[in-house]
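As a plain string of letters, each chain reads:
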Amino acid sequence: YPGSSTNRTYNNTSTPDSKSYSQSNTYVGITNISNSGANMTADLVVSNVSVGAITVSQNGAYAVPVTYTVTNAGGTAAAPSWYDLVYLSSNAVLDDADQNLSGYTWRNTALAAGASYTVTTTYTSTATTAPGSYTLFIKTDGRGNAVGFGTNTDAGAVAEGNETNNVQALPL
């Protein structure tokens, strides 16, 4: 198959070939096909999460400064676009009942295989957030109330080989 062993071409003379079902030449041809890989999809991974000093405003909302890195550990570029979101959980489990903190990072350019970006920004809770122990979830390719569509737990917009490593949790 194209991409395996030394087969680097897909055309009317290759195996498999690009001929139509009636065996007519379709004039479709692809050359310089790269080697097959175990992971030929994008794979966005969150890492290096840190939280700065959390402050509370006069209205009771918490400002949570966060730094994190997103890396495409996959074998191909992650096509734009997606959001990085932050969620606040009282039970240490990311679910659709968790609060989307206001603010997000929108990625509107592709991220090449092996490339990464680092974000430092501040997210804000609602004014009704009670003091207590929480888990902060940082999710790349996230959705939810902060962006107006999807749910906290859906797979997002980017087709990935591994959807389970898009999230990092940090107890607060």
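The following paragraphs examine the structure supplied in this document.

**Structural notes on the packing of aromatic side chains**
Each pair of aromatic rings is reported with the distance of its centres and the angle of its planes. In the structure shown here, the tally under the stated rule is 2 aromatic pairs. Here tyrosine 83 and tyrosine 104 contribute two aromatic rings whose centre-to-centre distance is 5.0 Å and whose plane-to-plane angle is 80°, an arrangement assigned as edge-to-face. Of this pair, tyrosine 83 sits in strand S4 (residues 82–89) while tyrosine 104 sits in the loop between strand S5 (99–100) and strand S6 (105–107), placing them 21 residues apart in sequence. The class of tyrosine 83 is buried, set by a relative accessible area of 18%. Where tyrosine 83 meets phenylalanine 149, the ring centres are 5.9 Å apart and the plane angle is 65°; that geometry is what we call edge-to-face. With tyrosine 83 in strand S4 and phenylalanine 149 in the loop between strand S8 (135–140) and strand S9 (167–171), the pair connects residues that are 66 residues apart, well separated along the chain. Following the ring pairs from residue to residue traces out a cluster consisting of Tyr83, Tyr104 and Phe149.

**Considerations on the pattern of salt bridges**
With the rule as written, the count across this model stands at 1 salt bridge. Aspartate 154 is the partner of arginine 143 in a salt bridge, and the nearest nitrogen-oxygen pair spans 3.8 Å. Of this pair, arginine 143 sits in the loop between S8 and S9 while aspartate 154 sits in the loop between S8 and S9, and the two are 11 residues apart along the sequence.

**A few points about the environment of alanine 146**
Following the sequence through the fold, alanine 146 ends up in the loop between S8 and S9. Separated by 61 residues in sequence, alanine 146 and leucine 85 place their C-alpha atoms 7.7 Å apart. Those residues in contact with alanine 146, other than ones at most four positions away along the chain, are Leu85, Asn100, Leu101, Gly103 and Tyr104.

Conventions adopted
- Residues numbered from 1 in each chain as written.
- Predicted model: local features only at pLDDT ≥ 70, side-chain atom pairs only at ≥ 80, totals over all residues.
- Heavy atoms only, no water.
- Phe/Tyr/Trp six-rings, centres within 6.5 Å; stacked < 30°, edge-to-face > 60°.
- Helix = DSSP H or I, 4+ residues; strand = E, 2+ residues; numbered from the N terminus.
- Buried < 20%, exposed > 50% of the residue type's maximum accessible area, 1.4 Å probe, protein only.
- Salt bridge = Lys/Arg side-chain N within 4 Å of Asp/Glu carboxyl O.
- Contact = heavy atoms within 4.5 Å.

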